[in-house]
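Topology and contacts: notes
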Amino acid sequence: MSSESDLVIEPLNRHHKKAAFLCGTETLDRYLKRQAGQDMKRRISRVFVAHPREDEARVLGFYTLSAISIDLSALPEKVAKKLPRHPVPAALIGRLAVDLSAQEIGIGKMLLADAIKRTLAVSDDIAIYAMAVDAINEQAESFYERYGFARLAHDGGRLFLPLRSL
Ligand SMILES: CC(C)(COP(=O)(O)OP(=O)(O)OC[C@H]1O[C@@H](n2cnc3c(N)ncnc32)[C@H](O)[C@@H]1OP(=O)(O)O)[C@@H](O)C(=O)NCCC(=O)NCCS
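Residues numbered from 1 in each chain as written. Predicted model: local features only at pLDDT ≥ 70, side-chain atom pairs only at ≥ 80, totals over all residues. Heavy atoms only, no water.

**Points about the overall build of the protein**
Assigned secondary structure in the protein consists of 4 helices and 7 strands. Mapped from its N terminus to its C terminus, the protein presents α and β elements in the order β-α-β-β-α-β-α-β-α-β-β. A compact globule built from 166 residues would reach a C-alpha radius of gyration of about 15 Å, and the protein, at 16 Å, matches this within 12%. Taken along its principal axes, the extent of the C-alpha atoms in the protein is 50 × 30 × 30 Å. Among the 166 residues that make up the protein, the fraction classed as buried is 45%. (Helix = DSSP H or I, 4+ residues; strand = E, 2+ residues; numbered from the N terminus. Rg over C-alpha atoms; globule rule 2.2 N^0.38 Å. Buried < 20%, exposed > 50% of the residue type's maximum accessible area, 1.4 Å probe, protein only.)

**Digging into the pattern of salt bridges**
Enumeration according to the criterion identifies 4 salt bridges in this entry. Across the salt bridge formed by arginine 118 and aspartate 114, the nearest N and O atoms sit 2.7 Å from each other. Of this pair, arginine 118 and aspartate 114 both sit in helix H3 (residues 107-122), 4 residues apart, which is roughly one turn of that helix. A salt bridge links arginine 158 to aspartate 134, with the nearest nitrogen and oxygen atoms 2.8 Å apart. (Salt bridge = Lys/Arg side-chain N within 4 Å of Asp/Glu carboxyl O.)

**Quick notes on the nonpolar core**
Among the nonpolar cores identified, the biggest contains 28 residues, and Tyr63, Ile93 and Met131 are the most heavily contacted of them. For this core, the secondary structure elements donating two or more residues are strand S1 (7-11), strand S2 (46-52), strand S3 (61-70), strand S4 (88-98), H3, strand S5 (130-134), helix H4 (138-145) and strand S7 (158-162). With 6 residues, the top contributor of residues to this core is H3. When residues no more than four places from it in sequence are discounted, the contact partners of methionine 131 are Leu65, Ala91, Ile93, Ala115, Ile116, Thr119, Phe149, Leu159, Phe160, Leu161 and Leu163. (Core = buried A, V, L, I, M, F, W, Y, C linked by side-chain atoms within 4.5 Å. Contact = heavy atoms within 4.5 Å.)

**Looking at the site of the ligand**
Close to the ligand lie 22 residues, the nearest being Val98, Glu104, Gly106, Gly108 and Arg146. With respect to the ligand, the backbone of leucine 96 contributes an N or O atom lying 2.8 Å from a nitrogen atom. Note that an oxygen atom of the ligand is positioned 2.8 Å from one of the backbone N or O atoms of lysine 109. If the ligand stood free it would expose 900 Å²; the protein chains cover 76% of that surface. Looking at the shell around the ligand, the element that brings in the most residues is H4, giving 5 residues. Across the shell around the ligand, the residue classes break down as 12 nonpolar, 6 polar and 4 charged. (Near = heavy atom within 4 Å. Polar contact = N/O pair within 3.5 Å; in protein donor to acceptor, adjacent residues only side chain to side chain. Areas by Shrake-Rupley, 256 points an atom, 1.4 Å probe, with all protein chains shown as cover. Nonpolar A, V, L, I, M, F, W, Y, C, P; charged D, E, K, R; others polar.)

**Comments concerning a positive patch on the surface**
Residues Lys78, Lys81, Lys82 and Arg164 make up a contiguous surface patch of positive charge. Residue class for lysine 81 comes out exposed when judged on its relative accessible area of 61%. (Patch = residues over 30% accessible without salt bridge, like charges linked within 9 Å, V, L, I, M, F, W, Y side chains within 5 Å. Lys, Arg positive; Asp, Glu negative; His and termini not counted. Charge placed at Lys NZ, Arg CZ, Asp CG, Glu CD.)

**Describing the environment of isoleucine 44**
Within the secondary structure, isoleucine 44 sits in the loop between helix H1 (26-41) and S2. Under the relative-accessibility criterion, isoleucine 44 is labelled exposed at 52%. Separated by 109 residues in sequence, isoleucine 44 and alanine 153 place their C-alpha atoms 24 Å apart. Beyond its immediate chain neighbours, meaning those up to four positions away, isoleucine 44 contacts Asp39 and Ser66.

In structure tokens, the structure reads:
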């Protein structure tokens, strides 16, 4: 993908061909094929899909976005001590994946940037303290760490990035 303008990122719809998607992590492929549509309908997650501008059916990548709260005890002490004594609101990228045919050409980075842009756009109206991500394994974790995400304590592979720092 040479530039952002060659790629469209939009909410999952019935024109996207989910069945052909393969990212190398089976649980993520299965999620897109079997669960994503239901999650959208029930308003559990918003699912966004990337496709080439000239081919709406071809799913090159996807991510999910939903609202969560982060317990103060999961944040590093120096961050937590500046916050009120209750859970803080965050936007969670629960899943993010790029098709094997299109990895390492910048689509993962564009999906992440798109999720952050959408979150910033609503955060003037609904307070959101941080972006959070669930990394499925160590490789995914190091992908997110490149962009400044840091691990939350006792929360599995969940990482966070305060929106203020963006
Ligand atoms: C991890 C994943 C989303 C990365 O997507 P991608 O489109 O291949 O990544 P990009 O081409 O946008 O890479 C952006 C940058 O991250 C780096 N990067 C890519 N994968 C990385 C990884 N696993 N660890 C560390 N850095 C990584 C790239 O080298 C690139 O660096 P640069 O900007 O200095 O050139 C993709 O490999 C994938 O879908 N993997 C399987 C599913 C998965 O692990 N999802 C993660 C979240 S659950």
